[in-house]
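# Structural features, examined
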Amino acid sequence: MENNHDEVIREVTQNEYKYGFYTDIETDTLPKGLNEDIIRLISTKKKEPPWLLEWRLKAFQQWKKMKMPAWAHLVIPKIDYQDIIYYAAPKQKASLGSLDEVDPELRKTFDKLGIPLDEQKHLTGVAVDAVMDSVSVKTTFSETLAELGIIFSSFSEAVKNHPDLVKKYLGSVVPSTDNYFAALNSAVFSDGSFCYIPKGVRCPMELSTYFRINAANTGQFERTLLIADDEAYVSYLEGCTAPMRDENQLHAAVVEIVALERAEVKYSTVQNWYPGDKNGKGGIFNFVTKRGICKGNDSKISWTQVETGSAITWKYPSCILKGHNSIGEFYSVAVTNNMQQADTGTKMMHIGRNTRSTIVSKGISAGKSQNSYRGLVRIMKNAENARNFSQCDSLLLGDKCGAHTFPYIEVDNSTSIIEHEATTSKVNEDQIFYCNQRGIGTEKAISLIVNGYAKEVLNKLPMEFAVEAQKLLQISLEGSVG
Amino acid sequence: MSMSQEYVELFKAKEQLLEKASPSFMMNIREEAIHQFGKTGLPDHKSELYKYTSLQKLFEPKYNMQLQPSNVEFRVEDIFNCDVPNLQTRLEIILNGFYKVNGTALTRLDNGIIIGSFAEALRKYPELVKEHYAKHAGFEKDSLVALNTAFAIDGLFIYVPKGQVLEEPVQVVHLPMTGYDTMLHYRNLFIMEENASAEVIVCDHTLSPFRFLTNSVTEIYIGSGAQFHYSRIQNEHLNSNLLTNLFIHQEADSTVRSNTISLHGGLIRNNTNVLLNARGCNNETYGLFLSDKNQHIDNYVNIDHAKPECTSTQLFKGILNDQSTGAFNGRILVRQDAQKTLAYQTNNNILMSDEAKMNSKPQLEIYADDVRCSHGATTGQLDENALFYMQSRGIPRQEARLLMLYAFAHEVIEKIQVTPLKDRINHLVDKRLRNELSRCNNCSMACGDLPIPD
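Reading guide: rules and limits
- Residues numbered from 1 in each chain as written.
- Chains lettered and ligands numbered in written order.
- Predicted model: local features only at pLDDT ≥ 70, side-chain atom pairs only at ≥ 80, totals over all residues.
- Heavy atoms only, no water.
- pLDDT = per-residue confidence, 0-100.
- Contact = heavy atoms within 4.5 Å.
- Buried area = accessible area lost by both parts, 1.4 Å probe.
- Salt bridge = Lys/Arg side-chain N within 4 Å of Asp/Glu carboxyl O.
- Polar contact = N/O pair within 3.5 Å; in protein donor to acceptor, adjacent residues only side chain to side chain.
- Axes fitted to C-alpha atoms, helices over the stretch in contact; angles between N-to-C directions.
- Helix = DSSP H or I, 4+ residues; strand = E, 2+ residues; numbered from the N terminus.
- Parallel < 35°, antiparallel > 145°, perpendicular 65-115°, else oblique.
- Left-handed = near helix turned anticlockwise from the far one by under 90°.
- Nonpolar A, V, L, I, M, F, W, Y, C, P; charged D, E, K, R; others polar.
- Buried < 20%, exposed > 50% of the residue type's maximum accessible area, 1.4 Å probe, protein only.
- Arc of directions from axis to C-beta.
- Pairing = 2+ DSSP bridges.
- Patch = residues over 30% accessible without salt bridge, like charges linked within 9 Å, V, L, I, M, F, W, Y side chains within 5 Å.
- Areas by Shrake-Rupley, 256 points an atom, 1.4 Å probe, with all protein chains shown as cover.
- Lys, Arg positive; Asp, Glu negative; His and termini not counted.
- Charge placed at Lys NZ, Arg CZ, Asp CG, Glu CD.
- Core = buried A, V, L, I, M, F, W, Y, C linked by side-chain atoms within 4.5 Å.

### Here's the deal with the confidence of the model for chain B
All names here are of chain B. Averaged over chain B, the pLDDT score is 89; the fraction of residues at 70 or greater is 93%. Taken together, the stretch residues 441-454 has pLDDT below 50 and engages in 31 contacts with residues farther than four places along the chain or on a different chain. Confidence estimates for the predicted assembly give a pTM of 0.85 and an ipTM of 0.83.

Here it is as structure tokens:
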């Protein structure tokens, strides 16, 4: 069986990155480097109002005073922030009115990814706001959504068309000075998605953005702002891919979610950015700040993530449970292989009464990768009857990888109940043996077991994503047990 | 002058005194240690290890550093006797950080076992001490250990040669007793050679109402196949602060069980570091704390699985009352070599008051794949349904609560294998839960219930 395992490992390590194609389209880039002029230039290029520029500059001033966080269980090579292009937009020929006007190269890229930017969009029922290298290329279904009063547009359009909403909520969940990468993003963010669901509206379709990092040496700094007004509901999907590149690329995004009274937001991510090759060369640095606030009573925010890509992941989607009876959820599958490193988890801040949170995290590490769960559950003094349940499981495939769990539990209240449990183990030999003796090969058996292991989280994904996530899991890992 | 610099200056001022008490190899280590401390200083709240315990504040008041044995006119052991009925123990007293000589400073038993003053052992058996001293408690990354290494002069020394069994459990009473605010550093070294076996019970008590800060380091070497049981009862007053640093080095097929019961005290921080350095080690680390008033109790456990086929179990429980705060930080490190590791860690806490606060940080850091590791942590309160059930059976609510707390605590206490000691601790915990004086029958002291100075 050992031999069989070795073979399987080799197969997996030789598995090339499936989405590594490079779209050769003209891009409009600014020179490398970061300074006030660059920020002003970005702001001018995007025709932004003065208050936004001020906001950016303030964040930049703060960022200069900050230091890169070093507490994560990661080895991050030194990043030269002056050696990054902070803005790269696909060159546009005026505004686009119909799909036909979209650059054919660009459309091919999306087709390869299976993004329904053409007729298929009606069949799949997915409204996509595709972000390629910082500028929203096309927003579909806007009209259908507009009828319901839903605003779903690129961030820059939202700044133009709905400045009041943007001004009111921008930075309200993740302040511009929140952390090093959030400050960097606030200073230089190029584009992103904006979504507003009005009172009492249930968004009839899954909203989706697709991020791709395309041009070499460009950092992707997108910003997503999602607001669900009273009694609104929305399910939002985010998928990420990046072509193969040798140099590491920086991605520092910010996602902010605001859920008002009785609103519900479901945010799902499938991240399969280029993880670098088997020697750890290249790959994306994914340093993302995601946070939602359950501002109103009885509101709910649910994060689901499937993380299979990126060379280094630093990401903690969090919930601030401010409204009474609000609910926060975090479901995560994080897979690392080869030289990948991931330090990911969540924060649940219980502020309101009867707030509840659930954390289910499944880590899978293979190759020489390091996979850490880091989570904070904080129960504030007034969070009476708060309830938290956390479960963090790690699966080790191979004896050169690492799986770590760093939970922080801070309880300031005697009426709350907090439970945390974590296990770490390898794939059960008995289970493999059972499959073997039923005529299922080791590789297939492991694939089955891993899929079963992650099922609890995959089940939380919307249909379209669940299928993709399952495939990704297979590509990244199938049978890699040693 | 910065705080760390003050200690460097103090070291210089007391250099002659320290030099007199240490052979040259030790003086070199002292100098390295104080140099290290001067460089790093005390960890602040930004340090992951001291995130929930502020050492800065603890070291702020002025203390007198105790660097010489105290003279007392009476026989401490006559009036002070931790009473464990039906348990014959060998009583050793560490008074203000120095071994209290009762007859001889160092006793050599017929079977070669040596027990007594650490300072005396250093004089009589320098080679034996040198082999282990500062080898298990590294001060390079630990400021408290560095400070202790620089200043600690005496403590308890136990040496059990190959295959020998220490028949009588050793009861060590650590006793600060001065007429002023005092900082104490003492150092214990226990060496268990191959297949040796011993049982040590440590009691922390206070005899005077002043402010104390004790920073102790205990190094324990456990040879192959050796067995060692370690129990610690911490029962002091609110102004008596304890920083304990326990370092256990285990060789193949050895077994160590340690229990730490914290009943009373000011700020208590127990650091337990275990290195499982060869195949087949078994380590069990248990802890129970009951805190009230503005007490702070922090247990840190680091189990380093360096070699394969070792087992470790941790169980820590806490009951917090009033405005007390607690912390648990347990880390299991499984190195790449350590295949077939079994490691478990549990931390359960009950918050009895809204002012109480508990921070828990159980951690797993695993680099080997063929392992089974798990941890669990809960923080909550007593089950209302269970209380109601008992009330409906005619048990008063107060009594029902006590019963449940007692049952909660019992899980840790029952791990103590010496029955008389277990009974005694059960009794003390029961009293403690009832807020009664935890006074030993034969002792004229009222530990833990002294008037608390401001």
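Once you've had a look at it, read on.
### Thoughts on the interface of chain B and chain A
Across the contact, 36 residues belong to chain B and 34 residues belong to chain A. For the pair chain B and chain A, the two sides together bury roughly 2,800 Å², of which 46% comes from carbon and sulfur. Linking chain B with chain A are 1 salt bridge. Seen at the junction of chain B and chain A, the total is 18 residue pairs in polar contact (both at pLDDT 80 or more).

### Some remarks on the packing of helix α2 (residues 36-45) of chain A against helix α3 (residues 50-65) of chain A
Packed helices, taken two at a time, are described by their axes: the angle between them and the distance between them. Residues and elements named next belong to chain A. For the pair α2 and α3, the least separation of the axes is 10 Å and the interaxial angle reads 155°. By the angle class used here, α2 and α3 are roughly antiparallel. In this structure, α2 meets α3 at a crossing whose hand is right-handed. Seen from α2, the contacting residues are Glu-36, Ile-39, Arg-40, Ile-42 and Ser-43; seen from α3, they are Leu-53, Arg-56, Leu-57, Phe-60 and Gln-61. Of the residues in the contact of α2 with α3, the class split is 5 nonpolar, 2 polar and 3 charged.

### A few points about the side chain of A:Gln340
Residues and elements named next belong to chain A. Considering the arrangement of structural elements, one finds Gln-340 in the loop between β17 (327-336) and β18 (341-344). Look at Gln-340 and you get buried, because its relative accessible area is 5%. Among the polar contacts made by the side chain of Gln-340, one reaches the main-chain carbonyl oxygen of Thr-308 at a distance of 3.1 Å. When near neighbours in sequence (up to four residues on either side) are disregarded, Gln-340 contacts Pro-275, Thr-308, Gly-309, Ser-310, Ala-311, Val-335, Ser-369 and Gln-370.

### A word on α2(A)
All names here are of chain A. Where α2 is concerned, the buried positions are Ile-38, Ile-39, Ile-42 and Ser-43. Taken down its axis, α2 places every buried residue within 135° of arc, on the same side. Among the exposed residues of α2, those oriented more than 90 degrees off its buried face are Asp-37 and Thr-44. Tucked into the core, α2 has its buried residues touching α3 and α9 (180-188). A side-chain oxygen of the first residue of α2 lies 3.0 Å from the backbone nitrogen of Asp-37; this N-cap is Asn-35.

### Topic: unusual backbone geometry
Residues other than glycine seldom take positive phi values, yet A:Arg262 does so here, at roughly 55°. Within the secondary structure layout, A:Arg262 lies in the loop between β11 (254-259) and β12 (264-271). Residue class for A:Arg262 comes out partly exposed when judged on its relative accessible area of 42%. Even without being a glycine, B:Asn195 presents a positive backbone phi close to 55°. In this structure, B:Asn195 sits in the loop between β8 (182-192) and β9 (197-204).

### Remarks on the pairing of β8(B)
Residues and elements named next belong to chain B. The element β8 is largely enclosed, with a buried count of 11 among its 11 residues. Side-chain alternation along β8 places Thr-182, Leu-184, Tyr-186, Asn-188, Phe-190 and Met-192 on one buried face and Met-183, His-185, Arg-187, Leu-189 and Ile-191 on a second face that is also buried. Relative to β8, strand β1 (residues 64-65) is paired through 2 bridges, and the arrangement is parallel. From the neighbouring strand, Asn-64 faces β8, where its bridge partner is Thr-182. Note that strand β6 (residues 156-160) and β8 share 4 bridges and pair parallel.

### So, a positive patch on the surface
Residue and element names in this part refer to chain A. Residues Lys-168, Lys-199, Lys-295 and Lys-322 make up a contiguous surface patch of positive charge. Mapped onto the elements of the fold, Lys-295 is located in the loop between β13 (283-294) and β14 (300-307). Residue classification places Lys-295 among the partly exposed residues on the basis of a relative accessible area of 38%.

### Notes on the nonpolar core
Of all hydrophobic cores here, the largest spans 92 residues; its most connected members are A:Leu207, B:Met192 and B:Phe228. Residues B:Leu122, B:Val145, B:Ala146 and B:Tyr221 belong to the second largest nonpolar core, which totals 50 residues.

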